[in-house]
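Below, each chain spelled out in residue letters.
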Amino acid sequence: MVVVVADISRYILVLLIVIYVFLSFVSFKGSNEEKKNMIYRGQRAVTVLFFLVCSGVLILERPKVKLAVILGLCLLFYIVFIILYQKIYGGLSKLILNNMMLCLMVGFIMQIRLNMNNGLKQLLMASIAMALCLLVPYLIERFSVWEKLAIPYIVVGLLLLALVYVIGVEHYGAKNWIAIGGFELQPSEFVKIIYVFFIASMLSKRTDFKWNILVTCLAAAHVGILVLEKDLGGALIFFFTYLMMLYVATGVWWYILAGFGVGAGAAVVAYKLFSHVRIRVMAWRDPWSHINDAGYQICRSLFAIGTGGIMGMGLGQGLPQSVPVVESDFIFSAIAEELGVAFAICLVLVYISSFIMFVNIAMKMKRRFYKLCAFGLGVVLMFQVFICIGGATKFIPSTGVTLPLISYGGSSIIATIIIFAVIQGMYVLNDRVTAHN
């Protein structure tokens, strides 16, 4: 009975995500607010239906009161924060809100399916982050000093990154976590937001060549610390984000060529100097020859994705736990195995629609600082998605990056929710300024 239900549900879930993505891109067309609101309500109905179908399958497979309670709390989380955010963020982007909540709900389902306790922790961290972010519109609107804090951004960012050398903890070969009173967090997840603010603040003042050299050196300091910590994924995100923001701020195309040249040279140097880089490249180039050691993780990931096929094996019917660190770095493999490659591709399209909205908001911003911030945060989000999925599918070497809003991890989910909240705050502020003028 359970297998039959899971088998039927996989087709329903793919259909629901296809409908959701279709509505996302349809919402970009036209300017009829009533029609758009109908689309957004449709997306929310699809999200709730998706969650209810998944919950039903999980409860059939593991009929436990604790499981039902956790799933009920997740649904309550969705309803409460949808209502609160629309009241606090007056005139917010409903598409961005819907996309964020869909990804969170997919994350809750996958984490609960993999480990019930992790799912509960994920819900708790997301609830705290969402509650704190209710203050963001007030902070953005009341304080006009944000673009003048370049030096504090630099100091705080570098100090937080360097803090791992004092109270750092190593995970999976990278010493990029800090432990405080039994609680661990990853500073780079929060510094990437400060980092975007620092670049936006600097480049909104001036963009002459000498100034750009100074900004580049300061950005390189952030990247260098991450490389020394062996946080290669974080270093890539910081590097690429700066390059894109520099190009948008200056319009000088050869900066990108020079940046990629320097990046390629730095990659060669890192390959020569660090053994962990050589191991990851070796595992990426030919994982099958090292299937019992360095290539085991990526091979298991590819097996999972291939086993799932287009429509997936059905929620709870796969073996995602066979992939090391599946709950965080390789959550995409679990999604593809059980919900299907079609579902996974649609999920990528949800991220892309969010990025399009981020860029659209950036283009509408009047103040240069906010324009660069919105664009930079969009690049951070989308490039992180690319690195995570690229590593799980062997498109690029694995670098230990999480899938935003879905992978397990308090630091990651809080930082990503803050990114979405800041974008929403900017969107609301811009609308109010436009209306006032």
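Here, every reference points to the structure presented above.
Not measured: the values here are computed from a predicted model.

Caption draft 1: Region of interest: the overall build of the protein. Helix and strand counts for the protein come out as 18 helices and 3 strands. Computed over its C-alpha atoms, the radius of gyration of the protein comes to 22 Å, within 12% of the 22 Å expected for a compact globule of 437 residues. In terms of overall dimensions, the protein has C-alpha extents of about 70 × 60 × 45 Å along its principal axes. Here the contacts in the protein between residues at least 6 apart in sequence split such that 73% fall between residues at least 24 apart.

Caption draft 2: Region of the structure containing the nonpolar core. Residues Met101, Leu104 and Ile335 are the most contacted members of the largest nonpolar core, which totals 146 residues. No other element matches the 17 residues that helix H17 (residues 368-392) contributes to this core. Not counting the four nearest positions on each side in its chain, Met101 is found in contact with Phe77, Tyr78, Phe81, Ile82 and Met130. Of all hydrophobic cores here, the second largest spans 5 residues; its members include Leu232, Phe274, Val277 and Val281.

Caption draft 3: Representation of helix H3 (residues 65-88) within the structure. In this model H3 runs 34 Å from its N-terminal to its C-terminal C-alpha over 24 residues, within 8% of the 34 Å that 1.5 Å per residue would give. Those residues of H3 lying buried are Leu67, Ile70, Leu71, Cys74, Phe77, Tyr78, Phe81, Ile82 and Tyr85. Buried positions along H3 lie against helix H2 (33-61), helix H4 (94-114) and helix H5 (116-132).

Caption draft 4: Representation of the pattern of salt bridges within the structure. As enumerated under the stated definition, the model contains 4 salt bridges in all. The salt bridge involving Arg367 is made with Glu147; its shortest N-O contact spans 2.2 Å. Of this pair, Arg367 sits in the loop between helix H16 (341-364) and H17 while Glu147 sits in the loop between helix H6 (136-142) and helix H7 (150-162), and the two are 220 residues apart along the sequence. The salt bridge involving Arg206 is made with Asp208; its shortest N-O contact spans 2.7 Å.

Caption draft 5: Representation of a nonpolar patch on the surface in the model. Together, Val65, Val69, Leu73, Leu76, Val80, Leu84 and Leu120 line one region of the surface with nonpolar side chains, adding up to about 550 Å² of accessible area. It is H3 that provides the largest number of residues to the nonpolar patch, a total of 6 residues. Along the polypeptide, Val65 turns up in helix H3.

Caption draft 6: Here's a closer look at the side chain of Ser353. Tracing the backbone through its elements, the reader meets Ser353 in helix H16. A distance of 2.9 Å separates polar atoms of two side chains, one belonging to Ser353 and the other to Asn99.

Caption draft 7: Geometry of the packing of aromatic side chains. On inspection of all chains with the given rule, the structure shows 17 aromatic pairs. Each ring, one from Phe358 and one from Phe420, has its centre 5.4 Å from the other, and the planes form 70°; the classification is edge-to-face. Residue Phe358 is found in helix H16, and its partner Phe420 is found in helix H18 (residues 410-436); the two are separated by 62 residues along the sequence. Note on Phe358: relative accessible area 0%, which makes it buried. Ring geometry for Phe383 and Phe386: centres 5.8 Å apart, planes at 25°, overall stacked. A residue pair is termed a helical-turn pair when its members lie 3 or 4 positions apart in one helix, as Phe383 and Phe386 do in helix H17 at 3 residues. For Phe386, a relative accessible area of 37% gives the class partly exposed.

Caption draft 8: Quick look at the environment of Phe343. Positionally, Phe343 belongs in helix H16. Overall, the relative accessible area of 1% leaves Phe343 in the buried class. Linking Phe343 and Met311, residues 32 residues apart in sequence, is a C-alpha distance of 7.4 Å. With residues near it in sequence (within four places) discarded, Phe343 still touches Leu13, Val14, Ile17, Phe50, Val106 and Ile335.

Caption draft 9: Layout of unusual backbone geometry. Unlike most non-glycine residues, Val325 shows phi in positive territory, near 55°. Along the chain, Val325 falls in the loop between helix H14 (296-308) and helix H15 (331-339). For Val325, a relative accessible area of 13% gives the class buried.

Caption draft 10: The arrangement of the packing of H2 against H3 in detail. Packing of H2 against H3 leaves a shortest axis separation of 10 Å and a crossing angle of 170°. When the axis of H2 is compared with that of H3, the two are roughly antiparallel. Counting all contacts with H2, which are made through Arg44, Thr47, Val48, Phe51, Leu52, Ser55, Leu58 and Ile59, the residues of H3 involved are Leu67, Ala68, Leu71, Cys74, Leu75, Tyr78, Ile82 and Gln86. Among the residues making up the contact of H2 with H3, the classes are represented as 12 nonpolar, 3 polar and 1 charged.

Caption draft 11: Up close: helix H10 (residues 209-228). Across its 20 residues, H10 extends 28 Å between first and last C-alpha, which sits within 8% of the 28 Å expected from 1.5 Å per residue. Among the residues making up H10, those that are buried are Trp211, Asn212, Val215, Ala219, His222, Val223, Ile225 and Leu226. Relative to the axis of H10, the buried residues are bounded by an arc of 160° and lie together on one face. With respect to the buried face of H10, the exposed residues turned more than 90 degrees away are Lys210 and Leu228. For H10, the elements touching its buried residues are H7, helix H8 (164-167), helix H9 (187-203), helix H11 (232-250) and helix H12 (254-273).

Reading the values: the criteria
- Residues numbered from 1 in each chain as written.
- Predicted model: local features only at pLDDT ≥ 70, side-chain atom pairs only at ≥ 80, totals over all residues.
- Heavy atoms only, no water.
- Helix = DSSP H or I, 4+ residues; strand = E, 2+ residues; numbered from the N terminus.
- Rg over C-alpha atoms; globule rule 2.2 N^0.38 Å.
- Contact = heavy atoms within 4.5 Å.
- Core = buried A, V, L, I, M, F, W, Y, C linked by side-chain atoms within 4.5 Å.
- Buried < 20%, exposed > 50% of the residue type's maximum accessible area, 1.4 Å probe, protein only.
- Expected span 1.5 Å × (residues − 1).
- Salt bridge = Lys/Arg side-chain N within 4 Å of Asp/Glu carboxyl O.
- Patch = residues over 30% accessible without salt bridge, like charges linked within 9 Å, V, L, I, M, F, W, Y side chains within 5 Å.
- Areas by Shrake-Rupley, 256 points an atom, 1.4 Å probe, with all protein chains shown as cover.
- Polar contact = N/O pair within 3.5 Å; in protein donor to acceptor, adjacent residues only side chain to side chain.
- Phe/Tyr/Trp six-rings, centres within 6.5 Å; stacked < 30°, edge-to-face > 60°.
- Axes fitted to C-alpha atoms, helices over the stretch in contact; angles between N-to-C directions.
- Parallel < 35°, antiparallel > 145°, perpendicular 65-115°, else oblique.
- Nonpolar A, V, L, I, M, F, W, Y, C, P; charged D, E, K, R; others polar.
- Arc of directions from axis to C-beta.

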